[in-house]
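Remarks on the overall topology
In case you want the letters, here they are:
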Amino acid sequence: MTPKKLSFLAILAILSIFTIVTTALAFDKDELRAVREAVHFRKPQQAQAAGYDLLPGLDHCFDNPGVGAMGYHYIDANALDTTLIPTHPEAIVYAPQSDGRLKLAAVEYIVPVDAWTATGAKELPQLFDQRFHLNEALGVYVLHVWLWFPNPTGLFQDWNPNVTCP
C-alpha cells in the first residue's frame, strides 16, 4: 500500500472514531440537559416542597478528608426502589457555601442493593452509560452527577475536592 493510501485510511479511521465519540457525547449531553431542566430546586426548601428531605442518620454533610466532600443529600424516600428515572433522581445534593447557604450541586441516583438483587438482574444499575457502584455502608448502589458544581475529578465521581463541609 502506498504512503498516500495509508494516510488516507488513517484519516478515515480517525474521522470514524471521532464521529462515534461525538455522537455518544451528544446523546449523554441531551440526557443530562433534561436532568438539569427537570431538577430546578435551587434551594433546599424547594426540594422539600417536592418531597425531598434530609433523612435521620443521613442529615449531615458528607465529607472524606483529603479527598473532598459531597454535601447534604435531600432524598425522596418514596423513590428508593429499582426504578431509575433520570429526571427524578433519588437525591438532590447541596454543597455548603462559606456564607452558610446551600448551593445546588449534584444529583444522586440510589438503588437499594436488596431490592436490586431481588430483581435477578445480572448487571449493576446503569444510567448515562455509567455503572452504579456499591456504597457498602448504606447497602445501596449509587451514581452521582455533578451538574451544577464543577468536579475536577469527574462528572460522575462521588467526592468533589471543590466541596467542603463546615
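Because the structure is predicted, anything quoted here is derived from the model rather than measured.

**Notes on the overall build of the protein**
Helix and strand counts for the protein come out as three helices and eight strands. Sequence-ordered secondary structure for the protein, helices as α and strands as β, is α-α-β-β-β-β-α-β-β-β-β. Burial statistics for the protein: of 166 residues in total, 36% are counted as buried. Across the protein, every contact between residues at least 6 apart in sequence was considered, and the portion connecting residues at least 24 apart equals 51%. When the accessible surface of the protein is totalled, it reaches about 9800 Å², and 59% of it is carbon and sulfur.

**With respect to the side chain of N160**
Note on placement: N160 falls in the segment after β8 (140–145). Among the polar contacts listed, one links the side chain of N160 to the backbone oxygen of P150, at a separation of 3.1 Å.

**Describing the pairing of strand β2 (residues 68–75)**
Along β2, eight of the eight residues are buried, which leaves the element largely enclosed by surrounding structure. Of the pairings in the sheet, the one linking strand β1 (residues 62–64) to β2 comprises three bridges and is antiparallel in character. Across the sheet, F62 pairs through a bridge with G71, a residue of β2. Linking β1 to β2, which pair antiparallel, is a turn of three residues; within it G66 sits at a positive phi near 90°. Pairing analysis gives four bridges linking β2 to strand β3 (residues 91–96), with the strands arranged antiparallel. Bridge pairing in β3 links Y74 to I92.

The rules behind each value
Residues numbered from 1 in each chain as written. Predicted model: local features only at pLDDT ≥ 70, side-chain atom pairs only at ≥ 80, totals over all residues. Heavy atoms only, no water. Helix = DSSP H or I, 4+ residues; strand = E, 2+ residues; numbered from the N terminus. Buried < 20%, exposed > 50% of the residue type's maximum accessible area, 1.4 Å probe, protein only. Contact = heavy atoms within 4.5 Å. Areas by Shrake-Rupley, 256 points an atom, 1.4 Å probe, with all protein chains shown as cover. Polar contact = N/O pair within 3.5 Å; in protein donor to acceptor, adjacent residues only side chain to side chain. Pairing = 2+ DSSP bridges.

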